[in-house]
Amino acid sequence: MAKHFEIHDDFVAEQNKKSEAWNKEDFDHLARKLERSNVDIEDLVATAQAFRVAVPSWGVGTGGTRFARFPGVGEPRNIFEKLEDCGTIFKLVRSTPAVSLHIPWDKPDSTTELREFAADLGLHFDAMNSNTFQDQPEQELSYRFGSLTHPDQAIRNQAIEHNIECIEIGRSLGSRAHTVWIGDGGNFPGQQHFRKALERYLESMGQIYQALPDDWRLFIEHKFYEPAFYSTVINDWGVSYYCARELGPKAFCLVDLGHHAPNVNIEMIVARLIQFGRLGGFHFNDSKYGDDDLDAGSIKPFQLFLIFNELVDAELGRVPGFNPAYMLDQSHNVTDPLESLMMSASEVVRAYVQAHLVNRRLLSEVQEKSDPLMALATLKQAFTTDVTPILAMARERSGGAIDPIATYRASGYRKHKAEERPSVLGVAVGIV
Ligand code: RM4
Ligand code: MN
Ligand code: MN
């Protein structure tokens, strides 16, 4: 393979020089400010440096809507190029060393080759994802009317086998979790027998569960609509929780922020799943209407913070078994996907660090005293603290970029990739 363009460490260091002094000044100022509340800024830098959020392989390509897709230039054409892009994101932001694969979009010819290629970029593999929401060219039976819950046992079997294959691929890649999101549902009242469909889901998932290695987790991802517009089989967290319990201790619920009706109190769902010991995974994004797959923190940053407030509360409280796998899951239709993913990763770390700033002792006191105003004020105190210098310092100290997007743009990465990767027709990148 010809040598591909990459952003080198010395280029990052050179770019960092441009903003180092300013960032240090802001950082020192923030350090003094935080000192007044007995917060050591160094603890927060370490907190930011330790945070990890995985990147979806399908997020590095331009996504589309059901109306159109406007491809960008230099899009990755195969899983190796996708990993190259993920490696670039990781190099600049440092918090994204894991990649989540979608099968068959990313099905490798050789798992050994793929694993080594990833390792060379410092990457490893997060949860595997199955795809039974569309048909593949060589596929025997169609998922048009469902997959794991289809009335026809032969179609269910095909979908079960596909999921088992995903686990096998993941096994040889070093993954430790499998995420199942199905598009099964109905577009017409009466189309589906609700109870029968859920029974079939449990039966199919039971077989997939059997194939799961002992040290793996199975994530159930719910979604209240789309592609089915009247009903979905795994429509909300309650159904997801019920199924996880029915399946066994290795089954957990995955919360995708875009998969709830508008105005639903997602932070409360998160708290419930934590309390019930079944919060397994997270897909971050933002939305205005429903599964818009917009960039994390772009529309409702306060909600993102409130979600992290619950997550951090569980982390600091050492809730037994609490170990959610964090991931971004969004579709980038009008931006450079790498820029969106870098910004989103930073926004997620921002919310995480801000949640660490919550004065939990005070919050608990005012809760006990039933003082709602002070409770909100305590949260707002953390949320309104601009932790940007902490995030930048964490990245710099981990070898990343103070300003990832400026560094990325200055490197000319996209232009180089446009030359290296002339577009080809029919390549499955992005969510269409
Ligand atoms: C779904 C869901 C899944 C993702 C697909 C591509 O809406 O969010 O996690 O795998 O999109
Ligand atoms: Mn998702
Ligand atoms: Mn989604």
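This structure is a prediction, so every number in the text was calculated from the model and none was measured.

Just to check I follow, could you spell out the overall build of the chain for this structure?
Counting secondary structure elements, the chain contains 15 helices and 10 strands. Seen through its C-alpha atoms, the chain measures out along the principal axes to roughly 65 × 65 × 40 Å. Split into buried and exposed, the 432 residues of the chain put 54% on the buried side. Here the contacts in the chain between residues at least 6 apart in sequence split such that 79% fall between residues at least 24 apart. When the accessible surface of the chain is summed, it comes to about 20100 Å², and 52% of that surface belongs to carbon and sulfur atoms. Positive and negative side-chain charges in the chain, numbering 44 and 60 respectively, have mean positions lying 3 Å apart.

What is the right way to read the coordination of the manganese ion (ligand 2) from this model?
Around a metal, the perfect tetrahedron of four donors has angles of 109.5 degrees, and the perfect octahedron of six donors has angles of 90 or 180 degrees. For the manganese ion (ligand 2), the full set of protein donor atoms is Glu 221 (OE), Asp 256 (OD), His 283 (ND1) and Asp 329 (OD), and the range of their distances to it is 2.1 to 2.2 Å. Each of the six donor atoms bound to the manganese ion (ligand 2) contributes to angles spanning 71 to 167 degrees, and the resulting shape is octahedral. Taken as a pair, the manganese ion (ligand 2) and the manganese ion (ligand 3) lie 3.9 Å from each other. Remark: Asp 329 occurs in the loop between strand S10 (325-328) and helix H10 (337-356) and Glu 221 occurs in strand S6 (residues 217-221); sequence separation between them is 108 residues. Asp 329 sits in the buried class, given a relative accessible area of 8%.

Would you take a moment to explain the pairing of strand S3 (residues 124-130) for this structure?
Among the seven residues that make up S3, six are buried, leaving the element largely enclosed by the rest of the structure. Here strand S2 (residues 98-103) pairs with S3 via five bridges, running parallel. Counted as the bridge partner of Ile 103 is Ser 130 from S3. As a crossover connection, the stretch from S2 through helix H4 (residues 111-120) into S3 is right-handed. Bridge count for S3 against strand S4 (residues 177-180) is two bridges, and the pairing is parallel.

What exactly am I supposed to notice about the packing of helix H5 (residues 153-173) against helix H6 (residues 194-210) here?
Each packed pair of helices is defined by two parameters, the angle between the axes and the distance between the axes. Running from amino to carboxyl end, H5 crosses H6 at an angle of 35 degrees, the nearest separation of the two axes being 9 Å. As for how H5 packs across H6, the hand of that crossing is right-handed. Two secondary-structure elements touch here, H5 through Gln 153, Arg 156, Ile 160, Asn 163, Ile 164 and Ile 167 and H6 through Arg 200, Glu 203, Ser 204, Gln 207 and Ile 208. Here the contact of H5 with H6 is composed, by residue class, of four nonpolar, four polar and three charged.

Help me understand the sheet that holds S2, please; the structure alone is not making it clear to me.
Hydrogen bonds between backbone atoms are what pair the strands of a sheet, whose relative direction is either parallel or antiparallel. Spatially, eight strands are ordered S1-S2-S3-S4-S6-S8-S9-S10 in an open sheet, and the strand pairing comes out parallel. Edge positions in the open sheet fall to strand S1 (55-56) and S10, since each of these has one partner strand only. With four bridges joining them, strand S9 (residues 279-284) and S10 adopt parallel strand pairing. Following the sheet pairing, Gly 281 is matched in S10 by Ala 325. Those strands touched by helix H9 (residues 301-316) are S9 and S10, and its axis lies near 160 degrees from that of S9.

Conventions adopted
- Residues numbered from 1 in each chain as written.
- Chains lettered and ligands numbered in written order.
- Predicted model: local features only at pLDDT ≥ 70, side-chain atom pairs only at ≥ 80, totals over all residues.
- Heavy atoms only, no water.
- Helix = DSSP H or I, 4+ residues; strand = E, 2+ residues; numbered from the N terminus.
- Buried < 20%, exposed > 50% of the residue type's maximum accessible area, 1.4 Å probe, protein only.
- Contact = heavy atoms within 4.5 Å.
- Areas by Shrake-Rupley, 256 points an atom, 1.4 Å probe, with all protein chains shown as cover.
- Lys, Arg positive; Asp, Glu negative; His and termini not counted.
- Charge placed at Lys NZ, Arg CZ, Asp CG, Glu CD.
- Donors = N, O, S within 2.8 Å, 3.2 Å for Na, K, Ca; no water.
- Tetrahedral: all angles 85-135°; square planar, octahedral: opposite > 155°, others 65-115°.
- Pairing = 2+ DSSP bridges.
- Right-handed = clockwise from strand over helix to strand, strands pointing away.
- Axes fitted to C-alpha atoms, helices over the stretch in contact; angles between N-to-C directions.
- Left-handed = near helix turned anticlockwise from the far one by under 90°.
- Nonpolar A, V, L, I, M, F, W, Y, C, P; charged D, E, K, R; others polar.

Any functional reading would require information beyond the geometric quantities listed.
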